[in-house]
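Chains, contacts and geometry: an overview
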Amino acid sequence: MNNFERDYRKILRQVVVNGRRSENRTGVDTFKLFNQSMTILLDQGFPIVTAKKVYFRKALAEFIWMLRGETSTQYLNQCDVKWWNDFADEKGELGKVYGYQMRSFGGHFDQVEYALEQIKKGSRRAVISLWNPNDLEDQALPCCFTQMIFYRDGENLSMHITFRSSDLFLGLPYDVMTSALMVYYMAKMVNLVPDRLAITLVDAHVYECYNEQIKKYLSEPISFLP
């Protein structure tokens, strides 16, 4: 079984209990803490929240969308993923967001292929950066996760991912799934074994308006899936 949800709940409860109230661009206050982290052992199972409803197929669709380098909501909408629609322009375009930065950084550089080559060599330079200040004005939203670093240990592959900002209750369960899928994909491409997913949340927060839903979630039992 995977202990991810147990560790996820610890961070969520910590932020609810000890977080500092903060105003932000949305107009809805958050409670937040600095520098929360967890390490997920992927050999214990896929990290998915069980005590509230989440949709793996939507996380998979978003992962494929990013990996393809797409920046339009068209594919997402075909997969019933609608949470990007409010940020897109009238043509459904989001600008130079995740997929663009992964596959066309600076307009031409494929960071996924670069990282794969570095992993094959056992290099410490297998890094994908999603934060490009030159492109911030051309993005519907700046990327919430900003860097992926891959770590090869023999036949095992792990990844560390940094989030500059993380909505713990709504966003993080999906971000964890897409991050795990990234480890699985990269490992498969170079014939390695997915090992660990390490996550750092610089600004870990929950929105005040979800307090009651969070309390309900924390009261629900966890299902330890085989």
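Residues numbered from 1 in each chain as written. Predicted model: local features only at pLDDT ≥ 70, side-chain atom pairs only at ≥ 80, totals over all residues. Heavy atoms only, no water.

1. Here we look at the overall build of the protein
Note the following rule: Helical segments are the DSSP runs of H or I of at least four residues, strand segments are the runs of E of at least two, and each set is numbered from the N terminus. The globule rule is 2.2 Å times the number of residues to the power 0.38, and the radius of gyration it is compared with is taken over C-alpha atoms. A contact between two residues is defined here by any heavy atoms of the two lying within 4.5 Å. For the accessible areas, the method is Shrake-Rupley and the probe is 1.4 Å, while residue cover comes only from the protein chains on display. The sign given to each residue is positive for Lys and Arg and negative for Asp and Glu; His and the chain ends receive no count. Note that the charge is assigned to NZ on lysines, CZ on arginines, CG on aspartates and CD on glutamates.
Helix and strand counts for the protein come out as 7 helices and 7 strands. Scaling as 2.2 N^0.38, a compact globule of 226 residues should have a C-alpha radius of gyration of about 17 Å, and the protein matches this with 17 Å. The principal-axis extent of the C-alpha atoms belonging to the protein is close to 45 × 45 × 30 Å. A fraction of 67% describes how many contacts in the protein between residues 6 or more apart in sequence connect residues 24 or more apart. Within the structure as shown, the protein displays about 11,600 Å² of accessible surface, and the carbon and sulfur contribution to it stands at 49%. Both charge centroids of the protein, one from 27 positive and one from 27 negative side chains, sit 4 Å from each other.

2. A word on the pattern of salt bridges
Pairs can form between side chains of opposite charge once their charged atoms are near each other. Here is the rule we go by: Every case where a carboxyl oxygen of Asp or Glu lies within 4 Å of a side-chain nitrogen of Lys or Arg is listed as a salt bridge. Three labels apply to residues, based on accessible area from a 1.4 Å probe with only protein chains included: buried if under 20% of the type maximum, exposed if over 50%, partly exposed otherwise in between.
Taken as a whole, this structure holds 16 salt bridges when the rule is applied. In this structure, the salt-bridge partner of Glu-212 is Lys-215, at a minimum N-O distance of 3.7 Å. With a gap of 3 residues between them, Glu-212 and Lys-215 both fall in helix α7 (residues 211-219), about one helical turn apart. Lys-215 shares its class with Glu-212; the two are exposed. Lys-216 is paired through a salt bridge with Glu-220; the nearest N and O atoms lie 3.4 Å apart. Residue class for Lys-216 comes out exposed when judged on its relative accessible area of 55%. Via salt bridges that share partners, Arg-21, Asp-29 and Glu-208 belong to a single interconnected network.

3. Observations concerning the packing of helix α2 (residues 56-67) against helix α6 (residues 172-189)
Convention followed: For every element, the axis is a line fit to its C-alpha atoms; helices are fit only across the contacting stretch, and the angle between N-to-C directions ranges from 0 to 180 degrees. Each angle gets one of four labels, with under 35 degrees taken as roughly parallel, over 145 as roughly antiparallel, 65 to 115 as roughly perpendicular, and the rest as oblique. When the near helix sits turned anticlockwise from the far one by under a right angle, the crossing is termed left-handed; a clockwise turn instead gives a right-handed crossing.
Across the interface, α2 lies against α6 with an axial gap of 9 Å and an inter-helix angle of 55 degrees. By the criterion of interaxial angle, the relationship of α2 to α6 is oblique. The chirality of how α2 crosses α6 is right-handed. Of the residues in α6, those touching α2 at Phe-56, Lys-58, Ala-59, Leu-60, Glu-62, Phe-63 and Leu-67 are Tyr-174, Met-177, Thr-178, Leu-181, Met-182 and Tyr-185.

4. Focus on the side chain of Ser-123
Here is the rule: Contacts described as polar in this section are N or O atom pairs within 3.5 Å, which, within protein, must combine one atom able to donate a hydrogen with one able to accept it, while residues neighboring in sequence count only if both atoms come from side chains.
Note on placement: Ser-123 falls in the loop between α5 (111-120) and β3 (127-129). Looking at Ser-123, its side chain comes within polar contact range of the main-chain nitrogen of Arg-125, at 2.9 Å.

5. Details of helix α1 (residues 4-18)
The condition that has to hold: By definition here, a helix of n residues has an expected span of 1.5 Å times n minus one.
Taking 1.5 Å per residue, 15 residues should reach 21 Å; α1 reaches 21 Å between its end C-alpha atoms and fits that length. Listed as buried for α1 are Phe-4, Glu-5, Asp-7, Tyr-8, Arg-9, Ile-11, Leu-12 and Val-15. On its buried face, α1 sits against β2 (30-41), α6, β7 (193-207) and α7.

6. Concerning the nonpolar core
Most often, soluble globular proteins keep nonpolar side chains buried together rather than apart. Defined as follows: In these notes, a set of buried Ala, Val, Leu, Ile, Met, Phe, Trp, Tyr and Cys residues joined through side-chain atoms within 4.5 Å is what counts as a nonpolar core.
Ranked by internal contacts, the top residues of the largest apolar core, which has 65 residues, are Met-148, Phe-150 and Met-182. Of all the elements, α6 adds the most residues to this core, at 10 residues. Met-182 has contacts with Phe-63, Met-102, Val-112, Ile-128, Met-148, Phe-150 and Met-159, leaving out every residue within four places of it along the chain.

7. Considerations on the packing of aromatic side chains
Defined as follows: Two aromatic rings from Phe, Tyr or Trp, using only the six-membered ring of Trp, form a pair when their centres are within 6.5 Å; if the ring planes differ by under 30 degrees the pair is stacked, by over 60 it is edge-to-face, and anything between is tilted.
For the structure on display, the rule yields 14 aromatic pairs. Taking 6.1 Å as the distance between ring centres and 55 degrees as the angle between the ring planes, the aromatic pair formed by Tyr-8 and Tyr-217 counts as tilted. Of the two residues, Tyr-8 is situated in helix α1 and Tyr-217 in helix α7; the sequence distance between them amounts to 209 residues. Of the residues examined, Tyr-8 reaches a relative accessible area of 1% and is grouped as buried.

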